[in-house]
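# Breakdown of the fold
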Amino acid sequence: MREVEVARVEEAVRRLFLKMNCHMLPDVRTSLEKAREEEVSELGRSVLEDLLQNARIAADEEVPLCQDCGMAVVFLEVGQEVAFTGGSLREAVDGGVRRAYAEGCLRKSVVCDPLFDRKNSGDNTPAIVHFDVVPGDKVRLLATAKGMGSENMSALAMMRAADGPEGVRDFVVETVRRGGANACPPIIVGVGIGGNFETAPLLAKKALLRPLGVRNGDVRYARLEGELLERINGLGIGPAGYGGTTTVLAVQVEFAATHIAGMPVAVNICCHACRHGEIVL
Ligand code: SF4
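Fair warning: this is a prediction, and the values are worked out from it, not measured in the lab.

## Here's the deal with the overall build of the protein chain
Scanning the protein chain for helices and strands turns up eight helices and ten strands. Taken against the 2.2 N^0.38 rule, which gives 19 Å for 281 residues, the C-alpha radius of gyration of the protein chain at 19 Å falls within 12% of a compact globule. Dimensions of the protein chain, computed from the C-alpha atoms along their principal axes, are close to 55 × 50 × 40 Å. Split into buried and exposed, the 281 residues of the protein chain put 50% on the buried side. Contacts spanning at least 24 positions in sequence make up 81% of the contacts within the protein chain whose residues lie at least 6 apart. Total accessible area computed for the protein chain in this model is approximately 13300 Å², and 54% of it derives from carbon and sulfur atoms. Across the protein chain, the 32 positively charged side chains and the 38 negatively charged ones have centroids separated by 1 Å.

Here you go:
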């Protein structure tokens, strides 16, 4: 067994959230720059320039890209030959989030009780953590600071197999048509197809963590991504919802096996402040 101290996990989580909150991902920046060149709306181009300028200032001054510093979501892929030492793995993840949000003066947005007192936990914990056991002796951390404005515009449909690709396309496009302007566009759309009621949204969230422009390895799903991109950009929502040809920077689809009687489809929307990162220990 390979021993990994949980303190290393805590430090990796701390570093990831400090960096992602202040530094726009290079692929997102490149995509925004390309959109600025191609956007037909003058107002849209000016919004895109503002977003790029905002990203430059955030990086130069080490301040957050957005005032909503998101809810911390961590996917932990743990090699089955790893033994953690030095404490609780779950607490180490929360410890990393707590330190990052305190040190970076990042906004703490988590309330402990969702319905009644809605009291802020004060340190942006607990993080949402998904554990997966994989072969090997490494630990892979995939983390995202997910803004709620775009999360609120996301949706799940328990579709029928008979709805087919056209039904999926309509559902995804309609979800963006209804909520895209409120999701701080230009957006990134993650789509999860298959699994069941709880796993389709996880597929959609993981789809958001893929580098922009990397298409699904299955040519049928890659084609679906391209078709959705075109239809969504045809909606005319545009940057910040002011109209234009740039509503979505990328549509990324993940799929998984499902039951013969169903076809869950989840749409997870992410705003232009698409913040995520990865560390392998
Ligand atoms: S949805 Fe994104 S850009 Fe909009 S307020 Fe939330 S984090 Fe910021």
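There's more to say after this.
## Examining the packing of aromatic side chains
Scanning all chains against the criterion turns up two aromatic pairs. Here Phe17 and Tyr101 contribute two aromatic rings whose centre-to-centre distance is 6.1 Å and whose plane-to-plane angle is 50°, an arrangement assigned as tilted. Taken together, the residues span a long stretch of sequence, with Phe17 in helix 1 (residues 6–22) and Tyr101 in helix 4 (residues 89–103) at a distance of 84 residues. Comparing Phe17 with Tyr101, the two get one shared label, buried. Taking 4.0 Å as the distance between ring centres and 5° as the angle between the ring planes, the aromatic pair formed by Tyr221 and Phe255 counts as stacked. Of this pair, Tyr221 sits in helix 8 (residues 219–233) while Phe255 sits in strand 8 (residues 248–258), and the two are 34 residues apart along the sequence.

## A closer look at the domain arrangement of the protein chain
Each assigned domain of the protein chain is listed here: domain 1 (2–20 + 65–146) and domain 2 (149–276). Relative to domain 2, the C-alpha centre of domain 1 lies at a distance of 25 Å. Taken residue by residue, the interface counts 15 residues in domain 1 and 14 residues in domain 2. Both sides together, the interface formed by domain 1 and domain 2 hides about 1100 Å², and carbon and sulfur atoms give 64% of it. Counting across the interface, domain 1 meets domain 2 through two salt bridges. The closest approach of N and O atoms between Glu77 and Lys206, which form a salt bridge, is 3.5 Å. Taken together, the links from domain 1 to domain 2 amount to six residue pairs in polar contact (both at pLDDT 80 or more).

## Concerning the packing of helix 1 against helix 4
Two elements in contact, helix 1 and helix 4, have axes whose closest approach is 7 Å; the angle formed by their N-to-C orientations is 35°. Relative to helix 4, the crossing made by helix 1 is right-handed. Within the contact between the two elements, helix 1 uses Val6, Val9, Glu10, Glu11, Val13, Arg14, Phe17, Leu18 and Asn21 and helix 4 uses Leu89, Ala92, Val93, Gly95, Gly96, Val97, Arg99, Ala100, Tyr101 and Glu103. Of the residues that constitute the contact of helix 1 with helix 4, the class distribution is eleven nonpolar, three polar and five charged.

The rules behind these values
Residues numbered from 1 in each chain as written. Predicted model: local features only at pLDDT ≥ 70, side-chain atom pairs only at ≥ 80, totals over all residues. Heavy atoms only, no water. Helix = DSSP H or I, 4+ residues; strand = E, 2+ residues; numbered from the N terminus. Rg over C-alpha atoms; globule rule 2.2 N^0.38 Å. Buried < 20%, exposed > 50% of the residue type's maximum accessible area, 1.4 Å probe, protein only. Contact = heavy atoms within 4.5 Å. Areas by Shrake-Rupley, 256 points an atom, 1.4 Å probe, with all protein chains shown as cover. Lys, Arg positive; Asp, Glu negative; His and termini not counted. Charge placed at Lys NZ, Arg CZ, Asp CG, Glu CD. Phe/Tyr/Trp six-rings, centres within 6.5 Å; stacked < 30°, edge-to-face > 60°. Domains from an automatic or database assignment. Buried area = accessible area lost by both parts, 1.4 Å probe. Salt bridge = Lys/Arg side-chain N within 4 Å of Asp/Glu carboxyl O. Polar contact = N/O pair within 3.5 Å; in protein donor to acceptor, adjacent residues only side chain to side chain. Axes fitted to C-alpha atoms, helices over the stretch in contact; angles between N-to-C directions. Left-handed = near helix turned anticlockwise from the far one by under 90°. Nonpolar A, V, L, I, M, F, W, Y, C, P; charged D, E, K, R; others polar.

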